[in-house]
Amino acid sequence: QVQLVESGGGLVQAGGSLRLSCARGTLSIYVMGWFRQAPGKEREFVAAITWSGGSTFYADAVKGRFTISRDNAKNTVYLQMNSLKPEDTAVYYCAASSSLRYRDYAAYAFWGRGTQVTVSS
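For the structure given in this document, a descriptive report is provided here. (Residues numbered from 1 in each chain as written. Predicted model: local features only at pLDDT ≥ 70, side-chain atom pairs only at ≥ 80, totals over all residues. Heavy atoms only, no water.)

## Quick look at the overall build of the chain
Put simply, the test is: Only runs of H or I of at least four residues qualify as helices and only runs of E of at least two qualify as strands under DSSP, and these elements are numbered from the N terminus. Atoms counted for the radius of gyration: C-alpha only. Globule rule: 2.2 Å times the number of residues to the power 0.38. Burial status follows relative accessibility: with a 1.4 Å probe on protein chains alone, a residue under 20% of its type maximum counts as buried, one over 50% as exposed, and anything between as partly exposed. Here a residue-residue contact requires only that any non-hydrogen atoms of the pair lie within 4.5 Å. The protein chains shown are the only cover counted for residues, whose accessible areas, like all others here, come from Shrake-Rupley with a 1.4 Å probe. For the purpose of charge, His is not counted, nor are the chain termini; Lys and Arg are scored as positive and Asp and Glu as negative. The atoms used to mark charge sites are NZ of Lys, CZ of Arg, CG of Asp and CD of Glu.
Across its full length, the chain holds zero helices and eleven strands. Element order for the chain, N to C, with α for helix and β for strand: β-β-β-β-β-β-β-β-β-β-β. The C-alpha atoms of the chain give 13 Å as radius of gyration, which agrees with the globular expectation for 121 residues (14 Å, within 12%). C-alpha atoms of the chain, sized along the principal axes, occupy 40 × 30 × 25 Å. A burial count over the chain gives 45% of its 121 residues as buried. Restricting to contacts in the chain with at least 6 residues of sequence separation, those with at least 24 account for 55%. Roughly 6300 Å² of accessible area belongs to the chain as shown, and the carbon and sulfur atoms make up 47% of that amount. Across the chain, the centroid of the 13 positively charged side chains sits 5 Å from that of the 8 negatively charged ones.

Right, dumping it as structure tokens:
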């Protein structure tokens, strides 16, 4: 069973930065993604990266502020979050998929437990 372990969440002031990490184990997968869920809201797509080619995809709300990357040797995916806003406050989840439907959370078979990101105004 794939175990995805997130780390790097925390409390930061608006305008600050955080970097999330997700160790994915050794299962062969196609896409790694980050999703987030704020209280009372549905889980939403944040960013995704194809593991082999490194193609990246972003939600419009984070484009230009967040950067997803991966380290093949460490089997780890990162989410660098800059210029954070209070509306970025959510639990952030790392997920792994063998599907091309990178924006669809239902296409991700494996999930981490999530890490809390809180941005104060």
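Still more ground to cover, so stick around.
## Focus: the state of the cysteines
Keep this limit in mind: Two cysteine sulfur atoms make up a disulfide if the distance between them is within 2.5 Å.
Evaluation of the coordinates by the stated rule reveals one disulfide. Here C22 engages in a disulfide with C94; their sulfurs sit 2.0 Å apart. Taking the torsion about the sulfur-sulfur bond, which here is approximately -80°, the covalent link between C22 and C94 counts as left-handed. Taken together, the residues C22 in strand β3 (residues 18-23) and C94 in strand β9 (residues 90-97) connect sequence positions 72 residues apart. On the basis of relative accessible area, C22 is assigned to the buried category, the value being 0%.

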